[in-house]
Amino acid sequence: QVQLVESGGGLVQAGGSLRLSCAASGRTFSTYAMGWFRQAPGKEREIVAAISWNGGTTYYADSVKGRFTISRDNVKNTVYLQMNSLKPEDTAVYYCAVAYGYSRTYKSARYNYWGQGTQITDSS
């Protein structure tokens, strides 16, 4: 049984930084793409960033390019999202996900295991 557990969310002022972590367990993790998604109140879930199985390829939504960095540690079975220069519009629940069956993808429909999410809220 696959389990993804996010951590690192919380309150943050505009311009601040946070680092999210997502620990995976239960199945092979290292050969599949991982991603971070978010859902703001009243909006659809959107992809934020994705990373290929070996970290060699990354994808970012235009809204976070230059501010967020996705990375992974396959030994620790963990994927990270470093978020800098946070904006009020970054407020959302952030989810990590695994695209089992795909070594590299940013297509949301291919992500088939999801964490429970962690809330990030602007405190400005």
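Procedures and definitions
- Residues numbered from 1 in each chain as written.
- Predicted model: local features only at pLDDT ≥ 70, side-chain atom pairs only at ≥ 80, totals over all residues.
- Heavy atoms only, no water.
- Helix = DSSP H or I, 4+ residues; strand = E, 2+ residues; numbered from the N terminus.
- Rg over C-alpha atoms; globule rule 2.2 N^0.38 Å.
- Buried < 20%, exposed > 50% of the residue type's maximum accessible area, 1.4 Å probe, protein only.
- Contact = heavy atoms within 4.5 Å.
- Areas by Shrake-Rupley, 256 points an atom, 1.4 Å probe, with all protein chains shown as cover.
- Lys, Arg positive; Asp, Glu negative; His and termini not counted.
- Charge placed at Lys NZ, Arg CZ, Asp CG, Glu CD.
- Disulfide = S-S within 2.5 Å.
- Pairing = 2+ DSSP bridges.
- Axes fitted to C-alpha atoms, helices over the stretch in contact; angles between N-to-C directions.
- Salt bridge = Lys/Arg side-chain N within 4 Å of Asp/Glu carboxyl O.
- Polar contact = N/O pair within 3.5 Å; in protein donor to acceptor, adjacent residues only side chain to side chain.

Student: I keep staring at the overall build of the protein and nothing clicks. Help me out?
Tutor: Helices and strands together make up the secondary structure of the protein, namely 0 helices and 11 strands. What you see in the protein, going N to C, is helices and strands ordered as β-β-β-β-β-β-β-β-β-β-β. Taking 14 Å as the expected radius of gyration for a compact globule of 124 residues, we find that the protein reaches 13 Å, a close match to that expectation. In terms of principal-axis extent, the alpha carbons of the protein reach across some 40 × 25 × 25 Å. Relative to its full complement of 124 residues, the protein shows a buried share of 41%. Pairs at least 24 residues apart make up 58% of the contacts formed inside the protein by residues separated by at least 6 positions. Accessible surface computed for the protein: about 6,400 Å², of which carbon and sulfur atoms make up 45%. If you average the places of the 13 positive and of the 8 negative side-chain charges in the protein, the two averages end up 9 Å apart.

Student: Which parts of the structure should I look at to understand the state of the cysteines?
Tutor: Cysteine pairs can be covalently joined through their sulfur atoms, and such a bond is termed a disulfide. In the structure shown here, the tally under the stated rule is 1 disulfide. For C22, the disulfide goes to C96, at an S-S distance of 1.8 Å. Looking along the S-S bond of the C22-C96 disulfide, the torsion reads about 40°, which is the right-handed sense. In this pair, C22 sits in strand β3 (residues 18-25) while C96 sits in strand β9 (residues 92-99), placing the two residues 74 residues apart along the sequence.

Student: Would you mind going over the sheet that holds β3 with me for this structure?
Tutor: Two strands in a sheet stick together by hydrogen bonds in their backbones, pointing the same way (parallel) or opposite ways (antiparallel). Within the open sheet, the 4 strands sit side by side as β1-β3-β8-β7. Their pairing is antiparallel. Looking at which strands have only one partner, the edges of the open sheet turn out to be β1 (3-7) and β7 (68-73). With direction set aside, neighbouring strand axes in the sheet form an average angle of 15°. Here β3 pairs with strand β8 (residues 78-83) via 6 bridges, running antiparallel. Bridge assignment links A23 to a residue of β8, and that residue is T78.

Student: Would you mind showing me how to read the side chain of E6 here?
Tutor: Among the secondary structure elements, E6 is positioned in strand β1. We note that E6 is buried and unpaired, the nearest opposite charge coming from R45 at a distance of 8.9 Å. Within polar-contact distance, the side chain of E6 engages the backbone nitrogen of G117 at 2.9 Å. When near neighbours in sequence (up to four residues on either side) are disregarded, E6 contacts S21, C22, W36, Y94, Y95, C96, G115, Q116, G117 and T118.

Student: Would you take a moment to explain unusual backbone geometry for this structure?
Tutor: A negative phi holds for most residues other than glycine; trans holds for most peptide bonds. Phi at N77 takes a positive value of approximately 55°, unusual for a residue other than glycine. By secondary structure assignment, the location of N77 is in the loop between β7 and β8. Even without being glycine, S85 reaches a positive phi, approximately 50°. Mapped onto the fold, S85 is located in the loop between β8 and β9.

Student: I tried to follow the pattern of salt bridges on my own but got confused; where do I start?
Tutor: Charged atoms that come close allow side chains of opposite charge to pair. Evaluated as defined, the whole model comprises 4 salt bridges. Close ionic contact of R38 with E46 constitutes a salt bridge, the shortest N to O distance being 2.7 Å. The buried category is assigned to R38, whose relative accessible area is 6%. Within this structure, R38, E46, R67 and D90 form a network of salt bridges that share partners.

Student: In this structure, what is going on with the pairing of β8? I would like to understand it.
Tutor: The two faces of a sheet get side chains in turn, since along a regular strand they alternate between them. Most of β8 is tucked away, with 5 of its 6 residues classed as buried. Pairing of β7 with β8, which is carried by 6 bridges, proceeds in the antiparallel orientation. Bridge pairing links I70 to L81 in β8.

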